[in-house]
Amino acid sequence: MTPLVIDTDPGVDDAYAIALAARHAAADLRAVTAVFGNVDLATTTTNARRLLGMLGRGDVPLGVGAERPLIHPVTQRAADVHGDDGLGGVADRFGPLGPEPAGRALDVIADVLETAGEPVVLAAIGPLTDVALLLATRPDLAERIGRLVVMGGSIGIGGNVSAGAEFNVWSDPEAARRVLVEERVPTTLVPLDLTHVVTVDRAWLEALAASGPVGEALAATRTVYGRGEALGADRVPIHDAVALLEAIEPGTLATVPLEVEVDTSLGPCRGMVLADRRGRAPLGRTVDVALPEGTDVDGVRRSLFRCLAGVP
Ligand code: BDR
Ligand code: CA
């Protein structure tokens, strides 16, 4: 079993990721923490409650995280992709509401790390603000994080929120730089380069919808999300779920160790993750970057389906 904490901004693909973690036989989900991001913090928190309630995981403590980035104000959310309610305009299909939050995200995560008898995997699938704050305020806990799995960045294919930046990193580049470059927790980065390849199509979503109430609610988000995130030919990415699969089943994705830097300037490259694939000049620090080359993309898609649909 993989002891797991998820920091998240639900978010349609976050909903897939949380469902995956709640249903995966090898995942020991110890806590979920909500951060601002796709929509505001109040909405991401409510959505996390909805998801835990729907998944019958009211036992999982929920923490409330940062409502804004470390330094600069939020200039753009992603309601165009995720809907105003963050769940594709069909948030009322997700419920009943799970329990009230147990406390602040940093306290909830600290509690898990302090009491776990083994290293915990932290999956960060929203802006990295909570993770940066945790590591800055409780550096003593860093060594208890066995691995940090981050959905974020775009190494070689351009961004989804600006020409070069991916949404999670762009939402708080200073926090992302802190976590990805300055801290030393072993990190796997799952960028758009991979998540734009592991997409799902209409047939996959229809089969998921037919699998039961959870699959039906997840697939119902496609009216809005499918429009906002479509990558042509009716294919949609479910970024965060891909990262969660790697967090639960390490080695599922092929990774390459790359030195990365994060641009925190206020210019057009703000929020870009730069990776030097030539391996010549030291840039920032080395993280494992998941890439399509060497990844069994169809296998990942099948695993996601089996788990989300509850196929034994
Ligand atoms: C990431 O940004 C968010 O919109 C998604 O939930 C995902 O975490 C993809 O760039
Ligand atoms: Ca997300």
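Residues numbered from 1 in each chain as written. Chains lettered and ligands numbered in written order. Predicted model: local features only at pLDDT ≥ 70, side-chain atom pairs only at ≥ 80, totals over all residues.

Identification of the protein chain as Nucleoside hydrolase from Actinomycetospora straminea is taken from an unreviewed UniProt entry.

Considerations on the environment of Pro96
Relative to the helices and strands, Pro96 is located in the loop between helix 3 (79–82) and strand 4 (103–104). Pro96 sits in the exposed class, given 10 other C-beta atoms within 10 Å. Residues Pro96 and Arg49 lie 47 residues apart in sequence; the distance between their C-alpha atoms is 8.3 Å. (Helix = DSSP H or I, 4+ residues; strand = E, 2+ residues; numbered from the N terminus. Buried ≥ 20, exposed ≤ 12 C-beta atoms within 10 Å, placed from the backbone.)

Considering unusual backbone geometry
Look at the link from Pro10 to Gly11: it is a cis peptide, with omega at -10°. If you trace the backbone, Gly11 turns up in the loop between strand 1 (2–8) and helix 1 (12–23). Between Gly95 and Pro96 the backbone carries a cis peptide bond, its omega angle lying at 5°.

Details of the packing of helix 12 (residues 239–248) against helix 13 (residues 297–308)
At a minimum axis distance of 11 Å, the contact between helix 12 and helix 13 shows a crossing angle of 90°. By the angle between their directions, the pair helix 12 and helix 13 is classed as roughly perpendicular. Side by side, helix 12 and helix 13 meet where Ala241, Val242 and Leu245 of the first sit next to Val300, Ser303 and Leu304 of the second. Its residues assigned to classes, the contact of helix 12 with helix 13 comprises 5 nonpolar, 1 polar and no charged. (Axes fitted to C-alpha atoms, helices over the stretch in contact; angles between N-to-C directions. Parallel < 35°, antiparallel > 145°, perpendicular 65-115°, else oblique. Contact = placed C-beta atoms within 7 Å. Nonpolar A, V, L, I, M, F, W, Y, C, P; charged D, E, K, R; others polar.)

So, the site of ligand 1
What surrounds ligand 1 is a group of 14 residues, the closest being Gly11, Asp13, Ala78, Phe167 and His239. Contributing elements (two or more residues each) for the shell around ligand 1: helix 1, helix 6 (167–171) and helix 12. Split into classes, the residues belonging to the shell around ligand 1 amount to 5 nonpolar, 5 polar and 4 charged. (Near = placed C-beta within 6 Å.)

Quick word on the pairing of strand 1
In summary, the side chains of a regular strand alternate between the two faces of the sheet. By the criterion of burial, strand 1 is predominantly enclosed, with 6 of the 7 residues buried. Bridge count for strand 1 against strand 2 (residues 27–34) is 7 bridges, and the pairing is parallel. Opposite Thr8, over in strand 2, you have Ala34 as the bridge partner. Where strand 1 and strand 5 (residues 120–124) come together, 4 bridges link them in parallel fashion. (Pairing = 2+ DSSP bridges.)

Things to note about the confidence of the model for the protein chain
Summing up the model confidence of the protein chain, the mean pLDDT is 94 and the portion of residues at 70 or higher is 96%. Among the scores for the predicted complex, ipTM is 0.99 and pTM is 0.96. (pLDDT = per-residue confidence, 0-100.)

Points about the sheet that holds strand 3 (residues 62–64)
Taking strand neighbours across the sheet as the criterion, the 10 strands line up as 4-3-2-1-5-6-7-12-10-11 in an open arrangement whose pairing is mixed. With one partner strand each, in any of the chains shown, strand 4 and strand 11 (273–275) form the two edges of the open sheet. In the sheet, strand 5 pairs with strand 6 (residues 145–151) via 5 bridges, with the strands oriented parallel. In the sheet register, Val121 faces strand 6, and the bridge partner there is Arg147. Sitting on the sheet, helix 1 is in contact with strand 1 and strand 2, with an inclination near 160° to strand 1.

A short note on the nonpolar core
Of all hydrophobic cores here, the largest spans 103 residues; its most connected members are Leu4, Leu20, Ala21 and Ala123. Apart from residues lying up to four places away in sequence, Leu4 is in contact with Ala21, Ala27, Asp28, Leu29, Arg30, Val120, Val121, Ala123, Ala247 and Ile248. (Core = buried A, V, L, I, M, F, W, Y, C linked by C-beta atoms within 7 Å.)

Observations concerning helix 2 (residues 41–54)
Compared with the 20 Å implied by 1.5 Å per residue over 14 residues, the 20 Å span of helix 2 between its first and last C-alpha is a close match. Counting buried positions over the 14 residues of helix 2 gives 11, a clear majority of the element. Phi for Gly56, located one or two positions after helix 2, is positive at around 70°. (Expected span 1.5 Å × (residues − 1).)

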